[in-house]
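Here's the letter readout for the chains.
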Amino acid sequence: MTAATFWPPDRALMHAAIEVSALEKTYASGFTALKPLDLAIRRGEIFALLGPNGAGKTTLISIICGIVNPSAGRVLVEGHDILLEPRKTRSLIGLVPQELTTDAFETVWDTVSFSRGLFGKRADPAHIERVLRDLSLWEKRDSKILSLSGGMKRRVLIAKALSHEPQILFLDEPTAGVDVELRRDMWSLVRRLRDEGVTIILTTHYIQEAEEMADRVGVINRGELILVEEKAELMRKLGRKRLVLQLQERLAAIPPSVARENLELAGGGAELVYTYDAKAGRTGITALLGDLAAAGIRFTDLRTEQSSLEDIFVDLVRRAA
Amino acid sequence: MNLHAIRAIYLFEMARTRRTLVQSIVAPVLSTALYFVVFGAAIGGRISEVEGVPYGSFIVPGLIMLSLLTQSISNASFGIYFPRFTGTIYEVLSAPVSAAEIVIGYVGAAATKSIMLGLIILLTAAFIVPLRIDHPLVMLLFLVLTAVTFSLLGFIIGIWADGFEQLQLVPLLVVTPLTFLGGSFYSVDMLPPGWRTVALFNPVVYLVSGFRWSFFGIADVNPAISIGATLGFLAICLGLVAWIFRTGYRLKK
């Protein structure tokens, strides 16, 4: 018997927070929003779903939350099927929708308390107070929602989603049209929730947002998941830079004394392109320049380029199209 | 059973009633009082009594039914249509609630409001015309059955409607004519024989007749048949609601 068997099975290893398999959605209009799609969200992670408008982000979320019926496929939330055990799965999920769909004439306190009851939780004024304070809504608790600004309404929607202490939180475009202060507040709240063990899935088309927040990033386009990767891995790709040397005279081939990995001839022999890891201790630039001088290769200009997540993203989306 | 959810929806809807007190209680009571003046005083002067009941008193059950029907439908249809219109329905659809719980919450609140309204009108009428209630329990049974049945119908309309115009369409074009032709202001016996047969196809006739029987012991149709017809209509509405939730009709894409 190995030591490992003495350890209690790690629940996180047993099953994912959300498991989507072969999920498809074609609307009555004939529009296919999701092609067969597979995705597993790990428990306790922040997962950013990136994609252009109309890519299928909201459809995917809506199906998991039970607002849209899937055409085919299966979704498990904490191991429970959303169609067979909707009561179980739904009580685990909090959803902050993309649109500012709030009540109008109710007070902040009433609408947030309503959400808690709706999700089957006993009234708990202390919890509601905590949520409202966390979101800087406490002063506004007796205000009617229609009197609030757009940013405040966004906070109300988040408060409603958190009112029933969900284990999984969906934030659909949480920072669309939101001011800097709220964005900052929201990020610190999201981090705190993650620290408390809440799994967070956010959709966005701001890449910076994904870079800043996510543990993993998924890119969806035209109903297809075209990439799922650790953000760190993406950042490594991000960290790669290109050094472009404009040559004085065209080269037919790279001389053997200069040739090395990551060095390519481009622009019909007019450019040398060297790819390197900007975050590495040694980039190899000095050695390259030394070898070039020794080989008598002169250049007229040089520049460096960094590929951003945005480039990767645009490139991926274009390739998929 | 998610009792917390039923309670939340019910209280939410009742809070809306409180906020719109004038519109939901005062206005119907006022318009009913006007009916008393116009029909009771003006016409009642010419028709002194119907089957031994003074005309002013005779029209009371019909008037209560009229308010009960229209208010049940408008309350319940608005209650579910408005969240669909604003988009807040997303929350109810994503919540761990069953169809039955949603219906009990929304329809229960709409029916409660209508019953309150019916009782207030009854009280108002008692100040204006002499009243007696021979079968108070049957009266309450009709009040509750009608409020629930037509709140269910309103709920269905609120889900079917795709705009505020459609929301008004059924109450305006179907329900109001049926109630006016349903014997609120006259006994079906007063109609020519051919029209009497036509009237028996109007479900409202059974409601008004049964309700009036609980007051004065006079009826156009057997009160047992009235109750049966009402229960039948209730069953149809329940079936429709069940179908709506099973298919997600107009609720889910």
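Only a predicted model underlies this, so the values are computations on that prediction, with no experimental measurement involved. (Residues numbered from 1 in each chain as written. Chains lettered and ligands numbered in written order. Predicted model: local features only at pLDDT ≥ 70, side-chain atom pairs only at ≥ 80, totals over all residues. Heavy atoms only, no water.)

Enquirer: How would you sum up the pattern of salt bridges? Please name residues and give values.
Expert: In the structure shown here, the tally under the stated rule is 21 salt bridges over all chains. In this structure, Glu106(A) and Arg19(B) form a salt bridge, with 2.7 Å as the shortest nitrogen-oxygen distance. Here Arg19(B) lies in helix 1 (residues 3-19) and Glu106(A) lies in the loop between strand 6 (93-96) and helix 4 (108-118), a pairing that spans two chains. The exposure class of Glu106(A) is buried, given its relative accessible area of 7%. Each of Arg194(A), Asp195(A) and Asp215(A) takes part in salt bridges that share partners, so that together they form one network. (Salt bridge = Lys/Arg side-chain N within 4 Å of Asp/Glu carboxyl O. Helix = DSSP H or I, 4+ residues; strand = E, 2+ residues; numbered from the N terminus. Buried < 20%, exposed > 50% of the residue type's maximum accessible area, 1.4 Å probe, protein only.)

Enquirer: Quick rundown of the packing of helix 3 (residues 55-86) of chain B against helix 5 (residues 99-128) of chain B? Include the residues and the values.
Expert: Residue and element names in this part refer to chain B. For the pair helix 3 and helix 5, interaxial distance at closest approach is 9 Å and the crossing angle is 150°. Overall, the two elements helix 3 and helix 5 adopt an arrangement that is roughly antiparallel. Once helix 3 is placed against helix 5, the crossing between them reads as right-handed. Side by side, helix 3 and helix 5 meet where Val60, Ile64, Ser67, Leu68, Gln71, Ser72, Asn75, Ala76, Gly79, Ile80 and Pro83 of the first sit next to Tyr106, Ala110, Lys113, Ser114, Ile115, Leu117, Gly118, Ile121, Leu122 and Ala125 of the second. The residue makeup of the contact of helix 3 with helix 5, split by class, is 13 nonpolar, seven polar and one charged. (Axes fitted to C-alpha atoms, helices over the stretch in contact; angles between N-to-C directions. Parallel < 35°, antiparallel > 145°, perpendicular 65-115°, else oblique. Left-handed = near helix turned anticlockwise from the far one by under 90°. Contact = heavy atoms within 4.5 Å. Nonpolar A, V, L, I, M, F, W, Y, C, P; charged D, E, K, R; others polar.)

Enquirer: So what about the confidence of the model for chain B? Which residues, and what values?
Expert: Counting all residues, the mean pLDDT for chain B is 89, and 100% of those residues have values of 70 or more. Mean pLDDT values over the elements of chain B span from 80, in helix 2 (residues 21-43) of chain B, up to 95, in helix 6 (residues 136-160) of chain B. (pLDDT = per-residue confidence, 0-100.)

Enquirer: I'd like a rundown of helix 2 (residues 57-65) of chain A, residues and numbers included.
Expert: Residue and element names in this part refer to chain A. Counting buried positions over the nine residues of helix 2 gives eight, a clear majority of the element. Along helix 2, the residues classified as buried are Lys57, Thr59, Leu60, Ile61, Ser62, Ile63, Ile64 and Cys65. Where helix 2 terminates, the next one or two residues include Gly66, which has phi positive at roughly 90°.

Enquirer: Quick one: what's the story with the domain arrangement of chain A, residue by residue and with numbers?
Expert: Residue and element names in this part refer to chain A. By the assigned domains, chain A splits into domain 1 (12-222) and domain 2 (240-320). The C-alpha centroid of domain 2 is placed 44 Å from the C-alpha centroid of domain 1. In this assembly, seven residues from domain 1 lie in contact with five residues from domain 2. A buried area of about 610 Å², summed over both sides, lies between domain 1 and domain 2, and 85% of it is on carbon and sulfur atoms. (Domains from an automatic or database assignment. Buried area = accessible area lost by both parts, 1.4 Å probe.)

Enquirer: Summarise the environment of Tyr274(A); cite the residues concerned and give the values.
Expert: Relative to the helices and strands, Tyr274(A) resides in strand 13 (residues 271-277). In the structure, Tyr274(A) is positioned 130 residues away from Lys144(A) in sequence and 60 Å away in space, judged by C-alpha atoms.

Enquirer: I'd love a proper account of the sheet that holds strand 3 (residues 46-50) of chain A, names of residues and values included.
Expert: All names here are of chain A. Read across the sheet, six strands follow the order 6-7-8-3-9-10 without closing on themselves; strand pairing throughout is mixed. Among the strands making up the open sheet, the edge pair consists of strand 6 and strand 10 (224-230). When strand polarity is set aside, the average angle formed by the axes of neighbouring strands in this sheet is 15°. In the packing of helix 2 onto the sheet, the strands contacted are strand 3, strand 6, strand 7 (168-172), strand 8 (199-204) and strand 9 (216-221), and the crossing angle to strand 7 comes to about 150°. (Pairing = 2+ DSSP bridges.)

Enquirer: Quick one: what's the story with helix 3 of chain B, residue by residue and with numbers?
Expert: Residue and element names in this part refer to chain B. With 32 residues, helix 3 extends 46 Å from end C-alpha to end C-alpha; this agrees with the ideal 46 Å at 1.5 Å per step. Judged by how many residues are buried, helix 3 sits mostly within the fold: 26 of 32 residues are covered. Following helix 3 by one or two positions, Gly87 has its phi on the positive side, about 95°. (Expected span 1.5 Å × (residues − 1).)

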